[in-house]
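Single-letter residue listing:
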Amino acid sequence: MASHSGSGPMRVLVTGGSGLIGKAIEQEAMKDGEKREGEQWIFLSSKDANLVDPEQTRAVFEKHRPTHVIHLAAKVGGLYLHMRENLHFLRDNLRINDNVLQTAHEMGVTKVVSCLSSCIFPDKTPYPIDETMIHNGPPHESNYGYSHAKRMIDVLNRAYFGQYGHVYTAVIPTNVYGPHDNFNEDKGHVLTAIRWDNTTLNVWGSGKPLRQFIFSMDIDRLMVWALREYDEVNPIILSVGEEDEVSIQEAVEMIAEALEFKGQIHYDTSMSDGQMKKTANNAKLRRLPDLPDLPDLPFTPLREGIKLTCDWLVKNYDRART
Ligand SMILES: NC(=O)c1ccc[n+]([C@@H]2O[C@H](COP(=O)([O-])OP(=O)(O)OC[C@H]3O[C@@H](n4cnc5c(N)ncnc54)[C@H](OP(=O)(O)O)[C@@H]3O)[C@@H](O)[C@H]2O)c1
């Protein structure tokens, strides 16, 4: 497996650099020795360029002239916003992805690592899911717009390789959580769209769906690794193992414990649960020979990651996305 051997300085443009994963790369991975001498890392937010717009995309690439891109920017939302706005999720994400990949191609970017998601896999599927199964059937109807747009990244990557030989690839994270997440009820992910006061902690849905949660401060290093070392066009799942899958209820109880919440937890079963499970297999990641620390990749235990996230939220409530 090849890695960036340094035929010149590496200039990495991170789209979506102000989001949950982007901030983890900037504030944790880069400060923890992942940044190498001579490298330049540029973290973009939507204020730098609206990537739905091809001209703004071109302008920001011309400004920074990246050699490598980590493409995180996406119109992202929680289950209920997806259900209401499938069309917007489809159109905006198709445009963002097409603009980023085509501009990267036109400007000679050597490598792009984009982000798919485990929620784009077929709804009706055998488990566990692996990387070969992305296109095997329709996604869950709650988020089909976002899912089809994300699936097209994989199609685009294969086409850029087929026609131009580019190594534009993608990773597939399961449910990411951590500091800097979007804690807004509409836009937040499963763990962040929880609301509480002194007496009640409200959860939308039954709490029964199963999820594999990965801490943002574990995935940041895996993203940097993928950029440097993962040279297949086919995507790779970045996740904790199947044995670490938990119910949303179990995760909520850990949140209550972290917040020292002593009231009642209320599950609003009138609200949709979304996909009941999407168990992903991380065998491909674990098989790779050049990933440091494998086979004992040290994923942060969920209870510990949730405690760190809750502490961060309490301390930073005024500036968090709520
Ligand atoms: N979080 C998860 O559980 C999870 C799981 C699997 C895959 N992923 C994927 O991982 C990537 C990063 O996720 P995340 O959770 O870090 O996302 P996030 O916290 O919601 O951040 C989204 C990022 O995209 C940027 N963005 C949104 N619309 C944009 C536009 N039109 N032009 C330019 N930038 C735009 C945002 O910029 P502003 O801050 O300026 O709005 C922000 O930096 C996404 O592609 C997502 O689909 C996430």
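Presented here is a report on the structure given in the accompanying data block.

## Side note on the overall build of the chain
Within the chain one finds nine helices and 13 strands. A compact globule built from 322 residues should have a C-alpha radius of gyration of about 20 Å, and the chain, at 19 Å, falls within 12% of that. Reported as C-alpha extents along the three principal axes, the dimensions of the chain are approximately 60 × 40 × 40 Å. Here the chain, with 322 residues, has 43% of them falling under the buried criterion.

## As for the sheet that holds strand β4 (residues 111–115)
Taken in spatial order, the six strands of this open sheet run β2-β1-β3-β4-β5-β11, and their pairing is parallel. At either end of the open sheet lies a strand with only one pairing partner, and these are β2 (40–43) and β11 (236–238). Strand-to-strand twist across the sheet, computed as the mean angle between neighbouring axes with direction ignored, equals 20°. With four bridges connecting them, strand β1 (residues 11–15) and β2 associate as parallel partners. In the sheet register, Val14 faces β2, and the bridge partner there is Phe43. On the sheet, helix α6 (residues 216–229) packs against β1, β3 (68–71), β4, β5 (167–173) and β11 and is oriented at approximately 145° with respect to β4.

## A few points about the packing of helix α1 (residues 20–29) against α6
In the contact formed by α1 and α6, the axes pass within 8 Å of each other and the chain directions differ by 80°. Viewed along their axes, α1 and α6 adopt a mutual orientation that is roughly perpendicular. Contacts between α1 and α6 involve Leu20, Ile21, Ala24, Ile25, Glu28 and Ala29 from the first element and Ser216, Met217, Ile219, Asp220, Arg221, Met223 and Val224 from the second. Across the contact of α1 with α6, the residue classes tally to nine nonpolar, one polar and three charged.

Cut-offs used in this document
- The numbering scheme is per chain: residues are counted from 1 as the chain's sequence reads.
- Local features in this predicted model are restricted to residues whose pLDDT is 70 or higher, and side-chain atom pairs enter the listing and the counts only when it is 80 or higher, whereas totals over whole chains, interfaces and linings include all residues.
- Secondary structure elements follow DSSP: runs of H or I of four or more residues count as helices, runs of E of two or more count as strands, with numbering from the N terminus.
- Throughout, radius of gyration means the C-alpha value; the globule benchmark is 2.2 Å times the number of residues raised to the power 0.38.
- Any residue whose C-beta has 12 or fewer other C-beta atoms within 10 Å is treated as exposed, any with 20 or more as buried, and any in between as partly exposed, C-beta atoms being built from the backbone.
- Strands are labelled as partners when DSSP assigns at least two bridges between them.
- To obtain an axis, a line is fitted to C-alpha atoms, over the contacting stretch when the element is a helix, and the angle between two such axes runs from 0 to 180 degrees between their N-to-C directions.
- A pair of residues counts as a contact when their C-beta atoms, built from backbone coordinates, are within 7 Å of each other.
- These descriptions rest on fixed angle ranges, namely under 35 degrees for roughly parallel, over 145 for roughly antiparallel, 65 to 115 for roughly perpendicular, and the rest for oblique.
- When residues are sorted by character, Ala, Val, Leu, Ile, Met, Phe, Trp, Tyr, Cys and Pro go into the nonpolar class, Asp, Glu, Lys and Arg into the charged class, and all the rest, Gly among them, into the polar class.

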